[in-house]
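Take a look at the letters that make up each chain.
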Amino acid sequence: MKNLIVISFLFLSVMAQAQITSKEEVVPELVQKRETEKKEITKNYLALKNSFLTSDSLAVVKNAEAFKNSLKNFKFKKLSLPDMNAATTSRKEIIELATAIASTKNINKQRKIFETLSVKYWDQAAKFKPADETLYLQVCPMTGAVWTSDSKEIKNPYYPKNMLTCGEVKASL
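Residues numbered from 1 in each chain as written. Predicted model: local features only at pLDDT ≥ 70, side-chain atom pairs only at ≥ 80, totals over all residues. Heavy atoms only, no water.

### Some points on the nonpolar core
Turning to step 1, where the next piece is worked out: Core analysis: the largest hydrophobic core is formed by 37 residues, its most contacted members being Tyr-45, Leu-48, Phe-67, Phe-114, Leu-117, Tyr-121 and Phe-128.
Turning to step 2, where the next piece is worked out: Secondary-structure elements contributing two or more residues to this core are helix 1 (2-53), helix 2 (57-72), helix 3 (81-102), helix 4 (107-128), strand 1 (136-139) and strand 2 (146-149).
Turning to step 3, where the next piece is worked out: With near-sequence residues (within four places) excluded, Tyr-121 lies in contact with Ile-41, Thr-42, Tyr-45, Phe-67, Ile-94, Phe-128, Leu-135 and Thr-148. (Core = buried A, V, L, I, M, F, W, Y, C linked by side-chain atoms within 4.5 Å. Buried < 20%, exposed > 50% of the residue type's maximum accessible area, 1.4 Å probe, protein only. Helix = DSSP H or I, 4+ residues; strand = E, 2+ residues; numbered from the N terminus. Contact = heavy atoms within 4.5 Å.)

### Things to note about the sheet that holds strand 1
Turning to step 1, where the next piece is worked out: Reading across the sheet, the three strands line up as 2-1-3 and stay open at both edges, with antiparallel pairing between neighbours. Looking at the sheet topology across the chains shown, the edges are occupied by strand 2 and strand 3 (168-172). With direction set aside, neighbouring strand axes in the sheet form an average angle of 35 degrees.
Turning to step 2, where the next piece is worked out: The sheet contact formed by strand 1 and strand 2 spans four bridges and is antiparallel. Counterpart to Leu-137 in the pairing with strand 2 is Thr-148.
Turning to step 3, where the next piece is worked out: Contacts from helix 4 reach strand 1, strand 2 and strand 3 within the one sheet, and its direction differs from that of strand 2 by about 55 degrees. (Pairing = 2+ DSSP bridges. Axes fitted to C-alpha atoms, helices over the stretch in contact; angles between N-to-C directions.)

### What about the packing of aromatic side chains?
Turning to step 1, where the next piece is worked out: Evaluated as defined, the whole model comprises 11 aromatic pairs.
Turning to step 2, where the next piece is worked out: For the pair Tyr-45 and Tyr-121, a centre-to-centre distance of 4.1 Å together with 0 degrees between the ring planes defines the contact as stacked. Here the residue Tyr-45 occupies a position in helix 1, and Tyr-121 occupies one in helix 4, the gap between them amounting to 76 residues. With respect to burial, Tyr-45 and Tyr-121 carry one shared label: buried.
Turning to step 3, where the next piece is worked out: With a centroid separation of 5.8 Å and 20 degrees between ring planes, the pair formed by Tyr-121 and Phe-128 is classed as stacked.
Turning to step 4, where the next piece is worked out: Put simply, the rings of Tyr-45, Phe-52, Phe-67, Phe-74, Phe-76, Phe-114, Tyr-121, Phe-128, Trp-147 and Tyr-158 touch in pairs and so form one group of aromatic residues. (Phe/Tyr/Trp six-rings, centres within 6.5 Å; stacked < 30°, edge-to-face > 60°.)

### Some thoughts on helix 2
Turning to step 1, where the next piece is worked out: Relative to the 22 Å expected for 16 residues at 1.5 Å per residue, helix 2 spans 23 Å between its end C-alpha atoms, a close match to the ideal helical length.
Turning to step 2, where the next piece is worked out: Buried within helix 2 we find Ser-57, Ala-59, Val-60, Val-61, Asn-63, Ala-64, Phe-67, Lys-68, Ser-70 and Leu-71. (Expected span 1.5 Å × (residues − 1).)

### Comments concerning the confidence of the model for the protein chain
Atom-level detail of predicted coordinates should not be read off regions where pLDDT is low.
Turning to step 1, where the next piece is worked out: Of the residues in the protein chain, 85% reach a pLDDT of 70 or more, and the chain-wide mean stands at 88.
Turning to step 2, where the next piece is worked out: Per-residue pLDDT stays below 50 along residues 18-25; that stretch engages in one contact with residues further than four places along the chain or on separate chains. (pLDDT = per-residue confidence, 0-100.)

### Remarks on the environment of Glu-65
Turning to step 1, where the next piece is worked out: Relative to the elements of secondary structure, Glu-65 occurs in helix 2.
Turning to step 2, where the next piece is worked out: For the pair formed by Glu-65 and Leu-48, sequence separation is 17 residues and the distance between their alpha carbons is 9.2 Å.

### Some details on the environment of Ala-131
Turning to step 1, where the next piece is worked out: Counting through the fold element by element, Ala-131 comes out in the loop between helix 4 and strand 1.
Turning to step 2, where the next piece is worked out: For the pair Ala-131 and Leu-173, spaced 42 residues apart in sequence, the C-alpha to C-alpha distance is 9.9 Å.

Structure representation (structure tokens):
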């Protein structure tokens, strides 16, 4: 019995030390990795949004795929269980919308799906946003359609030919 207690104590001591060492060594690397993932997600969303400005449906497909792939590996951190479930469900919905955008080459259908994707993306943008970046929620006052931008300058992805600068900043992160 005494040996079992000593062995248990040694095991717990070793595990505690390993955990402390592990946290000290890994945390900066994990923080950097998460920031890189966030930058990739944001960059890919913005590339998708910008491909609508040129009405290039093939670029939209390519950027929707890149956006979807960058979201797949992202893990949410520091959330309560209900918030984690909601964020995970929302991410899944965004991935499904990006998949739907990538599955059609019709620019008007792509834009319609992007409207819904943009609303869901903004709802999670605070979790995806890199620490060193400001994002803006912009809206077309004629339609109510929203999008996220990294600039205050309005470039409407829904009507780039006749209403490129139509819109306003509604919020920022």
